Amino acid sequence: MDVRRRLPPLNALRAFEAAARHLNFSRAADELSVTPGAVSQQIQNLEDYIGAALFKRTPRGLLLTDAAQTALPALREAFDRLAEAASLLTAAVDGRRLTLTAPPSFAAKWLVPRLGRFAVGDVDLAVRYGAGLYPGLETLKLMQETVIPVMSPELAAANPVTEPDDLAHHALLHDGSPSADESCPDWTMWLAARGVKGVDGTRGPRFNQSSLVIEAAVAGRGVALAKRTLAQDDLDAGRLVAPWPISTDVAFAYYVVHPKAKARLPQVKAFVSWITAEAAAHDQAMATLDNGAWI
């Protein structure tokens, strides 16, 4: 006999998994968009099917029986596999679709201007800015990040900055985007590393996205300590200038990540191939600038 045909009803298994996770029938019902009575009935059906209780009802609430605790991890893994299979089926039906997530500033300042050179629609992967630790995902490093001071050419012409001490005469623009990268200097750290004592590194406006601090610098609102990858297009276009050809390395980098099962999809392969080529071209352009111009 084919044992695969003896599986309990899927809805009963879903109700059990949700109830076991919440240890509460009402919260499980909310998640599944059914009534608590329906969840209770599905649990009863499953208990009748297997011939064993799944929950202990105590004055303090629900507890799992030993049998339920033993089976729950395998059941959760099975639902994860089902979700993965459904995703693969969806991708197979429409191989042109692609779903991508990326940090907003990276998307706005680096990725979106280049997307016109990529010829497909959507893919299930992500670009992440971080330390490269993404358990359970395939991870490919795209580009390292550095930070540099930048300002608008109009501001530089009106109030030149030739030495770090000259920053005392300018507003300092701060990148306050969420990041756990302790190696990324703020203005106080940057000034201290260069022995500058006459400039208050804490003054000036703070922005919660890297792209916003760059746009503020383009608008002439002050001097920004910006992520170079994100500022480079504005530097190339002349909307920004760097007072000093000095960039500071940071520990974080940009990575493209995706579930291992997605690696077989042609649209994932196409996007990874395209974005890694774009990143390599970017790095080559940076290396050319760095020969004698940047350190």
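In short, a report on the structure. (Residues numbered from 1 in each chain as written. Predicted model: local features only at pLDDT ≥ 70, side-chain atom pairs only at ≥ 80, totals over all residues. Heavy atoms only, no water.)

### Some details on helix H2 (residues 25-32)
And step 1. Where H2 is concerned, the buried positions are Phe25, Ala28, Ala29 and Leu32. In a view along the axis of H2, the buried residues occupy a sector of 100 degrees, so they form one face of it.
And step 2. Against helix H1 (10-22), helix H3 (36-50), strand E1 (55-58) and strand E2 (61-64) lie the buried residues of H2.
And step 3. For H2, the capping residue at the N-terminal end is Asn24, with a side-chain oxygen 2.9 Å from the backbone nitrogen of Ser26.
And step 4. Immediately beyond the C-terminal end of H2, within one or two residues, lies Ser33, with a positive phi of roughly 60 degrees. (Buried < 20%, exposed > 50% of the residue type's maximum accessible area, 1.4 Å probe, protein only. Helix = DSSP H or I, 4+ residues; strand = E, 2+ residues; numbered from the N terminus. Arc of directions from axis to C-beta. Contact = heavy atoms within 4.5 Å. Polar contact = N/O pair within 3.5 Å; in protein donor to acceptor, adjacent residues only side chain to side chain.)

### Concerning the pairing of strand E5 (residues 137-150)
And step 1. Pairing between E5 and strand E9 (residues 248-259): nine bridges, direction antiparallel. Counterpart to Lys141 in the pairing with E9 is Tyr255.
And step 2. When E5 meets strand E8 (residues 223-227), the two strands line up antiparallel, connected through four bridges. Paired with Pro149 across the bridge in E8 is Leu225. (Pairing = 2+ DSSP bridges.)

### Re the packing of helix H5 (residues 104-111) against helix H9 (residues 228-236)
And step 1. Running from N to C, H5 and H9 cross one another at 30 degrees; their axes reach a closest spacing of 8 Å. In terms of axis orientation, H5 runs roughly parallel to H9. Once H5 is placed against H9, the crossing between them reads as left-handed. Contacts from Ser105, Phe106, Lys109 and Trp110 of H5 reach H9 at Thr229, Leu230, Asp233 and Asp234. (Axes fitted to C-alpha atoms, helices over the stretch in contact; angles between N-to-C directions. Parallel < 35°, antiparallel > 145°, perpendicular 65-115°, else oblique. Left-handed = near helix turned anticlockwise from the far one by under 90°.)

### A few points about the sheet that holds E9
And step 1. Read from one edge to the other, the open sheet built from seven strands follows the order E3-E4-E9-E5-E8-E6-E7, with strand pairing classed as mixed. What marks the edges here is a single partner per strand, and that holds for strand E3 (100-101) and strand E7 (206-207).
And step 2. Contacting E5, strand E6 (172-175), E7 and E8, helix H8 (residues 210-218) crosses the sheet at an angle of about 165 degrees to E6.

### With respect to H9
And step 1. With seven of nine residues buried, H9 lies mostly within the body of the structure.
And step 2. Listing the buried residues of H9 in full gives Arg228, Thr229, Leu230, Ala231, Gln232, Asp234 and Leu235.
And step 3. Backbone geometry just downstream of H9 places Gly238 in the positive-phi region, at approximately 80 degrees.

### Comments concerning the environment of Leu137
And step 1. Mapped onto the fold, Leu137 is located in strand E5.
And step 2. You can call Leu137 partly exposed: its relative accessible area is 33%.
And step 3. C-alpha of Leu137 to C-alpha of Val257: the two residues are 120 residues apart in sequence and 6.1 Å apart in space.
And step 4. Excluding residues within four positions of it along the chain, Leu137 makes contact with Val257, His258 and Pro259.

### Looking at the pairing of E8
For a regular strand, side-chain orientation follows a simple rule: the groups alternate between the two sheet faces.
And step 1. Extensive coverage of E8 is indicated by the burial of five of its five residues.
And step 2. One ladder, built from two bridges, connects E6 with E8; its direction is parallel. Within E8, the position partnered with Leu173 by the bridge is Ala224.

### Concerning unusual backbone geometry
Comment: phi is negative for the bulk of residues other than glycine, and the bulk of peptide bonds are trans.
And step 1. Residue Leu23 is not a glycine yet carries a positive backbone phi of 50 degrees.
And step 2. Relative to the elements of secondary structure, Leu23 occurs in the loop between H1 and H2.
And step 3. Taking relative accessible area as the criterion, Leu23 reaches 35% and is therefore assigned partly exposed.
And step 4. Backbone geometry at Ser33 places phi at a positive 60 degrees, although glycine is not the residue there.
And step 5. Here Ser33 shows up in the loop between H2 and H3.

### Quick look at the pattern of salt bridges
And step 1. In total, this model carries five salt bridges according to the counting rule given.
And step 2. Glu17 is the salt-bridge partner of Arg76, the closest N and O atoms lying 3.5 Å from each other. With Arg76 in helix H4 (residues 66-93) and Glu17 in helix H1, the pair connects residues that are 59 residues apart, well separated along the chain.
And step 3. Given a relative accessible area of 11%, Glu17 falls into the buried group.
And step 4. The partner of Asp234 in a salt bridge is Arg239, with the nearest N and O atoms 2.6 Å apart.
And step 5. Asp234 sits in the buried class, given a relative accessible area of 3%.
And step 6. Within this structure, Glu17, Arg21, Glu31 and Arg76 form a network of salt bridges that share partners. (Salt bridge = Lys/Arg side-chain N within 4 Å of Asp/Glu carboxyl O.)

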